[in-house]
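# Examining the three-dimensional arrangement
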Amino acid sequence: KKAHLLRQRACLSVSMPKFLKSGKVVVLLTGRHAGKKAVIVKQYDEGTAARPYGHALVTGIAKYPRKVKTRQSEAQQKKRMRMKTFVKVINYNHLMPTRYTIDVDLKSVVTSDVMENSSKRTEACKASKKALEERFATGKNRWFFSALKF
C-alpha cells in the first residue's frame, strides 16, 4: 500500500507540458461562441486572484468570411471577405486545442486590461479584426478562416 501511494505522488508531481501557448488555434466548446475558432493571445496557467483557475485570453472569429469568386466585382469581394471578431477570457476546460498555430501579432492589440472596459474591448475587437483580415488576404492559414462543418 505504501508503494502504491509513493507511485501516486510521483505521478502527481510530473507536470504536463505547456501546449496551450499564444498563437495556438483552439475551438471553443461552450457559450455563445461554441464551435468557433479562436487564437490564444495570453495564457494564465496558474490563474489570477480574480480567476483562480487556468484560463486564456483569446480572440476569435464570430462571423466567418464568405467564399469569394473571381467573377464578382471588387466591392463584392471586399464585402464578402469581412469578418466579425470577439475577445474573451475562457477557462481551459472550455477550450479544445488543435494542431494548428497562427502567427498574428495580437499581443500589442489585445491585453488583459482590455477586458475591464467595454469601449477598450470594442477597440481591441476592431484591431484584431483588422489584423485577422490582413492575414486572411495573404491566403495563409485557410483552415482557421473557414467555419467548422458539423
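Structure's up top.
Here is a short report on the structure shown in this document. (Residues numbered from 1 in each chain as written. Predicted model: local features only at pLDDT ≥ 70, side-chain atom pairs only at ≥ 80, totals over all residues. Heavy atoms only, no water.)

## Focus: the sheet that holds strand β4 (residues 84–91)
What the five strands build is an open sheet, ordered β4-β3-β2-β1-β5; its pairing is antiparallel. Among the strands making up the open sheet, the edge pair consists of β4 and β5 (95–101). Put simply, the sheet's adjacent strands are angled 35 degrees from each other on average, direction ignored. Across the sheet, helix α3 (residues 118–138) is in contact with β3 (55–63) and β4; its angle to β4 comes to roughly 115 degrees. (Pairing = 2+ DSSP bridges. Helix = DSSP H or I, 4+ residues; strand = E, 2+ residues; numbered from the N terminus. Axes fitted to C-alpha atoms, helices over the stretch in contact; angles between N-to-C directions. Contact = heavy atoms within 4.5 Å.)

## Quick look at the nonpolar core
Counting 22 residues, the largest nonpolar core has I61, V87, I102, L132, F144 and F145 as the members making the most contacts within it. Contributing elements (two or more residues each) for this core: β2 (37–44), β3, β4 and α3. Considering every element that reaches this core, the biggest residue donor is α3, with five residues. Setting aside its immediate chain neighbours within four residues, L132 contacts I61, M83, T85, V104, F144 and F145. Counting eleven residues, the second-largest nonpolar core is a separate cluster that includes L20, A38, I90 and L95. (Core = buried A, V, L, I, M, F, W, Y, C linked by side-chain atoms within 4.5 Å. Buried < 20%, exposed > 50% of the residue type's maximum accessible area, 1.4 Å probe, protein only.)

## Focus: the environment of K67
Checked against the element boundaries, K67 lands in the loop between β3 and α2 (74–80). Among all residues touching K67, those that are not within four sequence positions of it are Q72 and R80.

## Things to note about α3
The terminal C-alpha atoms of α3, which comprises 21 residues, lie 31 Å apart, in line with the 30 Å expected from a rise of 1.5 Å per residue. Within α3 the residues assigned to the buried category are A124, C125, S128, A131, L132, R135 and F136. For α3, the angular spread of the buried residues around the axis is 140 degrees, confining them to a single face. Summarising the geometry of α3, the exposed residues directed more than 90 degrees from the buried face are E123, K126, K130 and A137. Against the buried residues of α3 lie β3 and β4. Downstream of α3 by one or two residues, G139 has phi in the positive range, about 90 degrees. (Expected span 1.5 Å × (residues − 1). Arc of directions from axis to C-beta.)

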